[in-house]
Amino acid sequence: MIEGLHLFVDIVSWILLIIGSICVLIGGIGVLRMPDFYSRLHAASLTDTMATLALLSGMILQAGFSLAAAKLFAIMLFLLLTGPTATYALANSALLSGYKPKTDVLEKKVS
Amino acid sequence: MIFAGVSCAILVTMVLAIARAIKGPTVYDRLLAVNMFGTKTALLLAVIAFLFGRADFLDLALAYALINLVGVLAVLEFFQNRIDANGDASGD
């Protein structure tokens, strides 16, 4: 019974860690390959929220009920609070300085 | 074993972020890449704590997460003020 529970927790944490790794990689590729600053921002915010949530949740499951899990929870809380704040501040600062989003990429391709 | 794979994925993403920071046409692209690099540093430290079984690395990750936010906000404030003062709208 207990063995099965341990295996189940391990499998769930592995799935979360793999999802987090894939999200991190997608975000990194998107930051390098997206055409516009605001679309790059969108790709980078994927790693700020989804990857942080998945990776740290997987590590909390691995740590079990201990002090390490509490520290990981604090790291997750701080990263989830500060990542979107920094993204918002960056987008706001870019928009206020007059950097316009590209909106005619699709129209050029169609016509 | 799986933590080695996760740390490899994070390291690849950090290299891609550095590439964008070198390439980035505007200053905001560079800031975005540096911010992403800092966030990934905190994640990588947390993964390394599990990879090598050293729990004290978690405190370092916590400190990096806090330093990163303060650094990015300070740099943004500086650039916004500089752009307002110059009247330069390109953000370059």
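Residues numbered from 1 in each chain as written. Chains lettered and ligands numbered in written order. Predicted model: local features only at pLDDT ≥ 70, side-chain atom pairs only at ≥ 80, totals over all residues.

### What to know about the overall build of chain A
Scanning chain A for helices and strands turns up four helices and zero strands. Listing every helix and strand of chain A by position from the N terminus yields α-α-α-α. For chain A, whose C-alpha radius of gyration is 19 Å, the value lies well above the compact-globule estimate of 13 Å for 111 residues. In terms of overall dimensions, chain A has C-alpha extents of about 65 × 30 × 15 Å along its principal axes. In chain A, which comprises 111 residues, the share counted as buried stands at 37%. Sequence separation of at least 24 residues holds for 67% of the intrachain contacts in chain A that already meet a minimum separation of 6. (Helix = DSSP H or I, 4+ residues; strand = E, 2+ residues; numbered from the N terminus. Rg over C-alpha atoms; globule rule 2.2 N^0.38 Å. Buried ≥ 20, exposed ≤ 12 C-beta atoms within 10 Å, placed from the backbone. Contact = placed C-beta atoms within 7 Å.)

### Quick notes on the confidence of the model for chain A
Averaged over all residues, the pLDDT of chain A equals 86, while 94% of them reach at least 70. Considering each helix and strand of chain A separately, the mean pLDDT is smallest for helix α4 (residues 105-110) of chain A, with a value of 61, and largest for helix α1 (residues 2-33) of chain A, with 91. (pLDDT = per-residue confidence, 0-100.)

### A look at the packing of helix α3 (residues 67-96) of chain A against helix α2 (residues 27-51) of chain B
At a closest axis distance of 11 Å, the pairing of α3 of chain A and α2 of chain B adopts a crossing angle of 175°. For the element pair α3 of chain A / α2 of chain B, the angle class is roughly antiparallel. Taken together, the residues of α2 of chain B that come into contact with α3 of chain A (itself represented by L72, I75, L79, G83, A86, L90 and A94 of chain A) are Y28, L31, L32, N35, T39, A42 and A46 of chain B. Residues of the contact of α3 of chain A with α2 of chain B, tallied by class, amount to 11 nonpolar, three polar and no charged. (Axes fitted to C-alpha atoms, helices over the stretch in contact; angles between N-to-C directions. Parallel < 35°, antiparallel > 145°, perpendicular 65-115°, else oblique. Nonpolar A, V, L, I, M, F, W, Y, C, P; charged D, E, K, R; others polar.)

### Some points on the nonpolar core
Counting 49 residues, the largest nonpolar core has L72 and I75 of chain A together with A42 and A46 of chain B as its most contacted members. Broken down by secondary-structure element, the contributors of at least two residues to this core are α1, α2 (37-63) and α3 of chain A together with α1 (2-23), α2 and α3 (57-86) of chain B. Per element, the largest residue contribution to this core is 13 residues, and it comes from α2 of chain B. (Core = buried A, V, L, I, M, F, W, Y, C linked by C-beta atoms within 7 Å.)

### Some points on the interface of chain B and chain A
On the side of chain A, 41 residues touch chain B, which itself brings 39 residues to the contact. Along the lines of polarity and charge, the residues of the side of chain B that touches chain A split into 30 nonpolar, seven polar and two charged.

### Regarding the environment of I60 of chain A
When you line up the elements, I60 of chain A lands in helix α2. The sequence separation of I60 of chain A and S13 of chain A amounts to 47 residues, and the corresponding C-alpha distance is 8.3 Å.

### What about α1 of chain B?
Residues and elements named next belong to chain B. A rise of 1.5 Å per residue sets the reference length of α1, with its 22 residues, at 32 Å; its end C-alpha atoms lie 32 Å apart and thus fit the reference within 8%. Among the residues of α1, V6, A9, I10, T13, M14, L16, A17 and R20 are the ones counted as buried. In an axial view of α1, the angular spread of the buried residues amounts to 165°, which keeps them on one side of the axis. Residues of α1 that are exposed and point over 90 degrees away from its buried face: A4, V15, I22 and K23. (Expected span 1.5 Å × (residues − 1). Arc of directions from axis to C-beta.)

### Describing the environment of T13 of chain B
Checked against the element boundaries, T13 of chain B lands in helix α1. Residue class for T13 of chain B comes out buried when judged on the 29 C-beta atoms lying within 10 Å of it. As for T13 of chain B and M36 of chain B, which are separated by 23 residues in sequence, their C-alpha atoms are 9.1 Å apart. In this structure, T13 of chain B is in contact with V24, L25, G27, G28 and T47 of chain A together with K40 of chain B, ignoring residues within four places of it in sequence.

### Considerations on the environment of A94 of chain A
In this structure, A94 of chain A sits in helix α3. Residue classification places A94 of chain A among the buried residues on the basis of 26 C-beta atoms within 10 Å.

### Considerations on the confidence of the model for chain B
Across chain B, pLDDT averages 83, with 87% of residues at or above 70. The ipTM for the predicted assembly is 0.84, set against a pTM of 0.84.

### A few points about the packing of α2 of chain A against α3 of chain A
All names here are of chain A. Running from N to C, α2 and α3 cross one another at 175°; their axes reach a closest spacing of 9 Å. As judged from the angle between their axes, α2 and α3 are roughly antiparallel. Grouping the amino acids of the contact of α2 with α3 by side-chain chemistry returns 20 nonpolar, five polar and one charged.

### Observations concerning α1 of chain A
Relative to the 46 Å expected for 32 residues at 1.5 Å per residue, α1 of chain A spans 47 Å between its end C-alpha atoms, a close match to the ideal helical length. Burial in α1 of chain A covers these residues: L16, L17, G20, S21, C23, V24, G27, G28, G30 and V31 of chain A. As for α1 of chain A, its buried residues are in contact with α2 of chain A together with α1 and α2 of chain B.

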